[in-house]
Amino acid sequence: MSMMLTLSTLAFTAKAQAADAPDASMATPANAGQDLPTNCKIMHVALMIDDGPSANTERLLKILADAGVKANFDLIGKNCELNPALTLAIRDGGHQILDHSFIH
């Protein structure tokens, strides 16, 4: 399985707040590719990495570390058992670990 990291394939929430509007608007995956008004500022982006750890995890951790980015890793228990060093590397990298069941 190959992993492509593009904005169109990431599960994310971008919270945009207009400078002249106290209400924050939410950019959802349906409109995330659209340009935000110039008076908006991106405040949060959450990266969700699913079904790991896998063969791509080590490479992904390096990319994230080089960029100074943290992510949420939805890990499968069986994969954690098979890859304990990668599971610890995710934790030690300061990433959020989420339970994605034991066998999916």
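It should be noted that the structure appears before, not after, this text.
Analysis parameters
Residues numbered from 1 in each chain as written. Predicted model: local features only at pLDDT ≥ 70, side-chain atom pairs only at ≥ 80, totals over all residues. Heavy atoms only, no water. Pairing = 2+ DSSP bridges. Helix = DSSP H or I, 4+ residues; strand = E, 2+ residues; numbered from the N terminus. Axes fitted to C-alpha atoms, helices over the stretch in contact; angles between N-to-C directions. Salt bridge = Lys/Arg side-chain N within 4 Å of Asp/Glu carboxyl O. Buried < 20%, exposed > 50% of the residue type's maximum accessible area, 1.4 Å probe, protein only.

Caption draft 1: Here's a closer look at the sheet that holds strand β4 (residues 48-52). Within the open sheet, the 3 strands sit side by side as β4-β5-β6. Their pairing is parallel. Edge positions in the sheet fall to β4 and β6 (96-99), since each has one partner strand and no second. Geometrically, the sheet is characterised by an average inter-axis angle of 25° between neighbouring strands, direction not taken into account. Two strands pair when backbone bridges link them, and strand β5 (residues 72-75) and β6 are joined in this way by 4 bridges, in the parallel orientation.

Caption draft 2: Up close: the pattern of salt bridges. One pass over the full model with this rule turns up 3 salt bridges. Note that Lys-78 is salt-bridged to Glu-81, the shortest N-O span being 3.6 Å. Here Lys-78 and its partner Glu-81 are both found in helix α2 (residues 77-82), 3 residues apart, which amounts to about one turn of the helix. The partly exposed category is assigned to Lys-78, whose relative accessible area is 36%. Arg-91 is the partner of Asp-92 in a salt bridge, and the nearest nitrogen-oxygen pair spans 2.9 Å. Residue classification places Asp-92 among the exposed positions, given a relative accessible area of 56%.

Caption draft 3: Local environment of unusual backbone geometry. That bond from Gly-52 to Pro-53 is cis: its omega, -10°, falls within 30 degrees of zero. By the element assignment, Pro-53 lies in the loop between β4 and α1 (57-67). For Asp-51, which is not a glycine, the phi torsion comes out positive at approximately 70°. Turning to its location among the elements, Asp-51 is positioned in strand β4. Positive phi outside glycine occurs at Ser-101, with the angle close to 80°. You can see Ser-101 is positioned in the segment after β6.

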